[in-house]
Amino acid sequence: MQCRVCNTEIHPFMTFGQMPIANGFLTADQIKDEYFYELAPAVCGNVICGMFQLMEQPEPQRMFHENYAFHTGTSKYMDAHFKAWAQRIAPGSHVIEIGCNDGTFLQHLKARYCDCVGIEPAKNVALIAQAKGLRVRAEFFQEFARTAATQVDYILAANVMCHIPDINGMAKEIARLLKPHGQFIFEDPYLPDMLRQTSFDQIYDEHVFMFSASTVKRAFAPHGLHLIRCEPQPVHGGSMRYTLSPVNMPGTKGLEDTLEREAAISKNAYWHFAERCSERREAINALLGKLNGAKVVGYGATSKSTTMLNYCGLGPNEIQYIADTTPIKQGKLAPGSHIPIRSYEEFMLDYPDFAILLAWNHAAEIMAKEKKFRGRWITYVPNVGIQ
Ligand code: DWN
Ligand code: ZN
């Protein structure tokens, strides 16, 4: 297998085994046709690349389609995050948002009088955005770029760039569609945060890359997109926002410091991470094994939880159901583990003894609204424990 950025041969440093599509919530009659692939991460050994990536990623059409299960608007905190980001975009700018999902960010940009177009390949969420009166093209960015010619002030992407395997093709089109003083700003989960917290469940089919400032800098520079700023974000379990410019100017002090810290991460860090993943799996199983007879449910049917549940070999015997506020997930089964997904009301009406916090990245929002829950929370990131 060749590195998707530089073509160097890559090898996995660990495997999570066979995995289903992370957002492939399914009905009982679909179980027999459920699709699996091997989830195994690798780090490119080429020193001028070093990209963290999956060995294998299912075809995009298996992941992003008319039944895409993740809707950005399910988190009020994320809505506030996008509102704050929109405040930093110059009013009246011409903007393209790649992967706009249900239009949560676009709405805030529109409120800033920006002339925006969203590009979203998952047709169901694109329709939701269109119904809000937003201009959204229901297609992959590469399709859009084939005919697009107008240069814009900003190209924005949140939790999207790390999903797209053809990073060179994307960079080329983004560079072409930006005005000479335009900016390409995107954010994604941050690799050093994942290593630090052993948040191994950030690794799943959609996340074909896990970026750091160093790998972003090296991947985009050959296409004339220069990394000039990086800003840590507290969302999605630790993210980084990258600002790239067609103009090659000195990076900020924050960027220089970040690059220096990243340079200190040794190759052994990945072997140690792999060891900690298997320790974490044992600890999760040991903890659940001690709760015999108690009612244990999951909270938040996240994409991340697909990795955790399948890697740990958990199913309906260990976790009765997973409560989630997203209507399209309710009544279905979680991918691979086949744990039933139930509505949030079910959780509220009959509290369990234990709730395993699968949406751990939304802990602050969830704790603020779950003050009446008298059971105990089980966490597994950053540590396994009962809170
Ligand atoms: O990159 C991606 C990120 C942005 O979103 C995608 N690849 C897919 C998705 O990942 P995820 O599914 O791990 O995202 P979340 O935001 O951690 O998912 C939270 C889930 O929990 C949603 O299904 C909604 C649900 N939820 C809930 O039931 N009650 C969320 C909150 C905040 C709640 O209070
Ligand atoms: Zn490479």
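Residues numbered from 1 in each chain as written. Chains lettered and ligands numbered in written order. Predicted model: local features only at pLDDT ≥ 70, side-chain atom pairs only at ≥ 80, totals over all residues. Heavy atoms only, no water.

## Comments concerning the environment of Val 160
Part 1: Examined against the element boundaries, Val 160 turns out to sit in the loop between β8 (152–158) and α6 (167–177).
Part 2: Val 160 sits in the buried class, given a relative accessible area of 10%.
Part 3: The spacing of Val 160 and Ser 239 is 79 residues in sequence and 12 Å in space, taken between C-alpha atoms.
Part 4: Here Val 160 is in contact with Ile 98, Gly 99 and Asp 188, once residues within four sequence places are set aside. (Helix = DSSP H or I, 4+ residues; strand = E, 2+ residues; numbered from the N terminus. Buried < 20%, exposed > 50% of the residue type's maximum accessible area, 1.4 Å probe, protein only. Contact = heavy atoms within 4.5 Å.)

## Concerning the coordination of the zinc ion (ligand 2)
Part 1: The coordination sphere of the zinc ion (ligand 2), as far as protein atoms go, consists of Cys 3 (SG), Cys 6 (SG), Cys 44 (SG) and Cys 49 (SG), spread over 2.2 to 2.3 Å.
Part 2: For the zinc ion (ligand 2), the four donor atoms are set out with angles of 98 to 114° between them, so the coordination reads as tetrahedral.
Part 3: In primary-sequence terms, the residues that donate to the zinc ion (ligand 2) follow C-x2-C-x37-C-x4-C. In this pair, Cys 3 sits in the segment before β1 (17–20) while Cys 49 sits in the loop between β3 (41–43) and β4 (52–54), placing the two residues 46 residues apart along the sequence. Accessibility assignment for this pair places Cys 3 and Cys 49 in one class, buried. (Donors = N, O, S within 2.8 Å, 3.2 Å for Na, K, Ca; no water. Tetrahedral: all angles 85-135°; square planar, octahedral: opposite > 155°, others 65-115°.)

## Here we look at the pattern of salt bridges
Part 1: By the definition in use, this model includes twelve salt bridges.
Part 2: Arg 62 is paired through a salt bridge with Glu 59; the nearest N and O atoms lie 3.3 Å apart.
Part 3: Of the residues examined, Arg 62 reaches a relative accessible area of 36% and is grouped as partly exposed.
Part 4: Glu 59 gets classed as partly exposed once you look at its relative accessible area, which sits at 40%.
Part 5: Between Lys 179 and Asp 153 there is a salt bridge, with the nearest N and O atoms lying 3.1 Å from each other. Placement of the pair is Lys 179 in strand β9 (residues 178–189) and Asp 153 in strand β8, with a sequence separation of 26 residues. (Salt bridge = Lys/Arg side-chain N within 4 Å of Asp/Glu carboxyl O.)

## Some remarks on the site of ligand 1
Part 1: Within the structure, ligand 1 sits among 25 residues, and Glu 206, Ser 303, Asp 324, Lys 329 and Lys 369 are positioned closest to it.
Part 2: A distance of 2.8 Å separates a nitrogen atom of ligand 1 from a polar atom in the side chain of His 163.
Part 3: Summarising the interface, the protein chains cover 97% of the accessible area of ligand 1, which totals 720 Å² for the free molecule.
Part 4: Breaking the shell around ligand 1 down by element, the ones donating at least two residues are α11 (303–311) and α13 (363–369).
Part 5: Across the shell around ligand 1, the residue classes tally to seven nonpolar, twelve polar and six charged. (Near = heavy atom within 4 Å. Polar contact = N/O pair within 3.5 Å; in protein donor to acceptor, adjacent residues only side chain to side chain. Areas by Shrake-Rupley, 256 points an atom, 1.4 Å probe, with all protein chains shown as cover. Nonpolar A, V, L, I, M, F, W, Y, C, P; charged D, E, K, R; others polar.)

## Some words on the side chain of Asn 361
Part 1: The residue Asn 361 is located in the loop between β16 (354–357) and α13 in this model.
Part 2: Within the structure, Asn 361 has its side chain in polar contact with the side chain of Lys 304 (distance 3.0 Å).

## Some details on the pairing of strand β5 (residues 94–98)
Part 1: Judged by how many residues are buried, β5 sits mostly within the fold: four of five residues are covered.
Part 2: After leaving β5, the chain enters helix α3 (residues 104–111) and then returns to the sheet as strand β6 (residues 115–119), a path that is right-handed.
Part 3: In this structure, β5 lies alongside β8, joined through four bridges in parallel fashion. Looking across to β8, one finds that Ile 96 is bridged to Ile 155. (Right-handed = clockwise from strand over helix to strand, strands pointing away. Pairing = 2+ DSSP bridges.)

These figures capture arrangement, not role.
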